[in-house]
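# A look at the structure
One-letter residues, chain by chain:
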Amino acid sequence: MNDQVSDLEPEENDGPVQEPRLWQGNGWTARVIKNDDDEGWAVAMYKDGEPEPALVGPWTMGRDKKNPKPLDVNAFNTLIKTASEVIRRHEQHLHAILHKSLYVWTEGTGELKVTLDITPDDDDPYATLTATDQMSEQIAQVRVAASFKLTPGSAQTWIENDFKAPR
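These remarks concern the structure in this document.

### Side note on unusual backbone geometry
One non-glycine residue, N26, lies in positive phi territory at about 55 degrees. Among the structural elements, N26 can be located in the loop between β1 (22-25) and β2 (28-34). Even without being a glycine, S136 presents a positive backbone phi close to 65 degrees. Mapped onto the elements, S136 comes out in the loop between β7 (126-132) and β8 (138-145).

This is how it looks when you write it as structure tokens:
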């Protein structure tokens, strides 16, 4: 029998890392780092698979006033909660920027919902302007520039021009 361990066999210590300055688990990594701006410490929270931290914040000094306080399970769980909230707020903000809607009253069709959905693209960003009636039936849809500003006035003008693509 060969006593050497194969490179393909998993190591016995494949569990989560839980060290004073590095903690991993639940899809996250917390890393305590030297704060370049002053003499203190910071903690960076990385979501698994992401190259940039979702959150970087100050970290508490230890009792010796030189080294950082070690990470622990309670601190790690609080950091996960905070970093998750930062990501959630960022996603909500991005959604609000890319998706806008308003309602316009017209004599002929009554209340219409007009939406603007921006499709970000490095080469060819664009937006889709859509009108739906009170029964959620699509009345019209056109492609517009990603820079198109949806306002009650611009929506009214689009409707009054028989839903022709604004220029």
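That was the structure; now back to the text.
### Description of the packing of aromatic side chains
Enumeration according to the criterion identifies two aromatic pairs in this entry. Here the aromatic rings of W23 and F76 are separated by 6.2 Å at their centres, their planes lie at 40 degrees, and the arrangement is tilted. Of this pair, W23 sits in strand β1 while F76 sits in helix α1 (residues 73-98), and the two are 53 residues apart along the sequence. For the pair shown, W23 and F76 are each scored as buried. Cation over ring: K34 sits above W41, and NZ or CZ is 5.2 Å from the ring centre. For the cation-ring pair, R143 lies above Y126, with the distance from its terminal atom to the ring centre recorded as 3.8 Å.

Quick notes on the rules
Residues numbered from 1 in each chain as written. Predicted model: local features only at pLDDT ≥ 70, side-chain atom pairs only at ≥ 80, totals over all residues. Heavy atoms only, no water. Helix = DSSP H or I, 4+ residues; strand = E, 2+ residues; numbered from the N terminus. Phe/Tyr/Trp six-rings, centres within 6.5 Å; stacked < 30°, edge-to-face > 60°. Buried < 20%, exposed > 50% of the residue type's maximum accessible area, 1.4 Å probe, protein only. Lys NZ or Arg CZ within 6 Å of the ring centre and 35° of its normal.

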